[in-house]
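# Coordinates in review
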Amino acid sequence: MNPESTTSPPNPNPSPPKPYSQVHIKRAGKKLLLILPDTEPKDVNKDWVELLQDLKYCLNHHKGTWTPGTAVHLLVENRLLDSRQFHHIGEALESAELKLTRVFTSRRQTAITAATAGYSVEQEAPKRELLFTEQPTPTNLTEPLHLKTTVRSGVAIRHPGTIIIQGDVNPGGEIIADGDIIIWGCLRGIAHAGAKGNPECCIMALRMQPTQLRIADAVARPPSENPDMIGPEVAYITSEGIRLKSALNFSKTHIFTPREKGWTEKLAANPG
């Protein structure tokens, strides 16, 4: 397949070509990128049925140019997709012996629906980062992402803000947030808070049994022995690395000190 090819049914009323105004399939290393059109009225007027037909046309046109089981990353930008539409996309890809594994979206509800359906999710502006070499400009954290689901093995959730999960994160699952991570359940997978380098971020779980914890650039692995007491804990960074503490009253007893580049007990920070 021509890596830069774009294929859709012939348009009887062609308009000037615009980037991503039609369904795209693009090779990126060992995976394929499936790019749906932007949703702005000035860019596209197709309804979902037409878009799905375009997708099937693209898959049939390029069939045989990939190996069975090739992973597909779906880029939908601001398009709102519901569970039925994700099901249709998954069916179409499966019929072409492809597997949808990851969804990139800038829309919160689409991210929630994709994660609930069991797909890995990255909620940021991924298309430009993936397709072009532009350097992203620093931005403030976005609103927290709330998910009510169990994050299964092989699923990764990435969000440019705080992530709150009402459910468990199983071994093999991964949570990556530019802000804090709050797991209202058991954390058994990997959690990375402050992923863009903010050491002030924390990770909290009702039951902390991670395979790995990361805060900013610091990395910690769990102790070889299970703790004597199990309860809500918070992981935070200190000048000596990542530490765990009971979540009870943590915000009242600890303070982040930029000079130490970590959290310290308020009494130690203000001995007087």
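Presented here is a report on the structure given in the accompanying data block. These numbers were taken from a predicted model, which means no experiment stands behind them. (Residues numbered from 1 in each chain as written. Predicted model: local features only at pLDDT ≥ 70, side-chain atom pairs only at ≥ 80, totals over all residues. Heavy atoms only, no water.)

### Some points on the overall build of the protein
Test applied: Secondary structure elements are defined from DSSP: runs of H or I of at least 4 residues count as helices, runs of E of at least 2 residues count as strands, and each element is numbered from the N terminus. Relative accessibility under 20% of the residue-type maximum defines a buried residue, over 50% an exposed one, and the middle range a partly exposed one, all with a 1.4 Å probe and only protein chains included. The criterion used for residue contact is that any of the two residues' heavy atoms lie within 4.5 Å. Calculation of accessible area relied on Shrake-Rupley with a 1.4 Å probe; when residues are assessed, cover is drawn exclusively from the protein chains displayed.
For the protein, the count of helices and strands is six helices and 18 strands. Taken across its 272 residues, the protein has 44% of its residues classed as buried. Within the protein, residue pairs in contact and separated by at least 24 positions form 41% of the contacts whose partners lie at least 6 positions apart. When the accessible area of the protein is evaluated, it comes to approximately 14,900 Å², of which 51% is carbon and sulfur surface.

### Observations regarding the sheet that holds strand 15 (residues 233-238)
This is how it is decided: Strand pairing is defined by DSSP finding a minimum of two bridges between the two strands. Here, axes are lines fitted to C-alpha atoms. For helices the fit covers the stretch in contact, and angles between N-to-C directions go from 0 to 180 degrees.
Read across the open sheet, the six strands follow the order 6-8-10-12-15-16; overall the sheet is mixed. The strands lining the two open edges of the sheet, one partner per strand, are strand 6 (142-147) and strand 16 (241-246). The mean angle between the axes of side-by-side strands here comes to 25°, regardless of whether they run parallel or antiparallel. Across three bridges, strand 8 (residues 161-165) lies against strand 10 (residues 181-187) in parallel orientation. The residue of strand 10 that forms the bridge with I163 is I181.

### Brief notes about unusual backbone geometry
The phi dihedral of A216 is positive, around 55°, even though this residue is not glycine. The residue A216 is located in the loop between strand 13 (212-215) and strand 14 (218-220) in this model. With relative accessibility at 8%, the residue A216 sits in the buried group. Of note, the phi angle at K261 is positive, near 55°, even though the residue is not glycine. Tracing the backbone through its elements, the reader meets K261 in the loop between strand 17 (254-257) and strand 18 (262-265). The exposure class of K261 is exposed, given its relative accessible area of 60%.

### Some words on the pairing of strand 7 (residues 156-159)
Bridge count between strand 5 (residues 120-123) and strand 7: two bridges; the pairing is parallel. Paired with V121 across the two strands is I157, which belongs to strand 7. In terms of strand pairing, strand 7 meets strand 9 (residues 174-177) through four bridges, oriented parallel. For R158, the partnering residue across the bridge sits in strand 9 and is I176.

### As for helix 2 (residues 83-95)
We count it as follows: One less than the number of residues in a helix, times 1.5 Å, gives the span that helix is expected to have. To obtain the arc, one takes the directions from the helix axis to the C-beta atoms. We define a polar contact as two N or O atoms separated by no more than 3.5 Å, with the added condition that, inside protein, one atom must be a possible hydrogen donor and the other a possible acceptor, whereas residues neighbouring each other in sequence contribute only through side-chain atom pairs.
Here helix 2 contains 13 residues, and its C-alpha end-to-end distance of 18 Å stays within 8% of the 18 Å for a straight helix at 1.5 Å per residue. Of the positions making up helix 2, those classed as buried are Q85, F86, I89, G90, A92 and L93. Looking down the long axis of helix 2, one finds its buried residues gathered within 165° of arc, a one-sided arrangement. Among the exposed residues of helix 2, those oriented more than 90 degrees off its buried face are S83, E94 and S95. Its side-chain oxygen placed 3.2 Å from the backbone nitrogen of R84, D82 serves as the N-cap of helix 2. Note on helix 2: the residue one or two positions beyond its end, E97, has a positive phi of about 65°.

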